[in-house]
Amino acid sequence: MRSVRRARRPLVALVALVAALAVGYAVHAGSSGQPAIHTVRLSSLPPQVATTVDLIRQGGPFPYPRDDGVVFHNDEHRLPGERAGYYHEYTVPTPGSPDRGARRIITGAGGQFYWTADHYETFERVKVDG
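Residues numbered from 1 in each chain as written. Predicted model: local features only at pLDDT ≥ 70, side-chain atom pairs only at ≥ 80, totals over all residues. Heavy atoms only, no water.

Caption draft 1: Fine view of unusual backbone geometry. For the bond running from glycine 60 to proline 61, omega is 5°, close enough to zero to count as cis. Along the chain, the position of proline 61 falls in the loop between helix H2 (47–58) and strand S2 (70–72). Here histidine 77, not a glycine, exhibits a phi torsion of approximately 60°, which is positive. Here histidine 77 is to be found in the loop between S2 and strand S3 (87–91). A positive phi angle, close to 80°, is found at tyrosine 120, a residue other than glycine. (Helix = DSSP H or I, 4+ residues; strand = E, 2+ residues; numbered from the N terminus.)

See below:
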């Protein structure tokens, strides 16, 4: 009788593992796969962000004309998935920085504005009106 119980242990462990994998797959497949992005008010961000948003709305001129307005490819998939060319990036000047710095506004073709202070590591959606 003891040998039968010992033989069942690996089988029970295997069944439990398969069940856990199935549950994990179902939970993953049921999620939207879209990143969760916190929304902030434009007024809560550094003043250079509001200046950049104003320039974007006016169509420029931009401080880095060769770099501002180019397509942002979302290669790290930290923004919601969209078709190629949907997003564009703009420099948010950093006072005292000798170069473009790490701060950017990313715009979406649907009118979205996203802010990153750390060169695309994290994003916040910007509520620009109200």
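Caption draft 2: Inspection of the pattern of salt bridges at higher detail. Enumeration according to the criterion identifies five salt bridges in this entry. A salt bridge links arginine 100 to glutamate 89; the nearest nitrogen and oxygen atoms lie 3.6 Å apart. Here glutamate 89 lies in strand S3 and arginine 100 lies in the loop between S3 and strand S4 (104–108), a separation of 11 residues in the sequence. Taken as a pair, arginine 100 and glutamate 89 share a single burial class, namely buried. Across the pair glutamate 89 and arginine 104 runs a salt bridge whose closest N-O atoms are separated by 3.4 Å. Within this pair, whereas glutamate 89 is found in strand S3, its partner arginine 104 is found in strand S4, the two being separated by 15 residues in sequence. By the burial criterion, glutamate 89 is buried, and arginine 104 matches it. (Salt bridge = Lys/Arg side-chain N within 4 Å of Asp/Glu carboxyl O. Buried < 20%, exposed > 50% of the residue type's maximum accessible area, 1.4 Å probe, protein only.)

Caption draft 3: Quick look at the sheet that holds S3. What the six strands build is an open sheet, ordered S1-S6-S5-S4-S3-S2; its pairing is mixed. Edge strands, defined here as strands with exactly one partner in the open sheet, are strand S1 (39–41) and S2. Taken pair by pair, the neighbouring strands of this sheet meet at an average axis angle of 40°, ignoring direction. In this sheet, strand S6 (residues 124–127) lies alongside S1 in parallel orientation, the contact comprising three bridges. Within S6, the position partnered with threonine 39 by the bridge is arginine 125. Sheet strands touched by H2: S3, S4 and strand S5 (113–116). Its angle to S4, the strand with the most contacts, is close to 40°. (Pairing = 2+ DSSP bridges. Axes fitted to C-alpha atoms, helices over the stretch in contact; angles between N-to-C directions. Contact = heavy atoms within 4.5 Å.)

Caption draft 4: Quick peek at the pairing of S6. Here S5 pairs with S6 via two bridges, running antiparallel. Across the sheet, tryptophan 115 pairs through a bridge with glutamate 124, a residue of S6.

Purely spatial values, then, with no claim about function.
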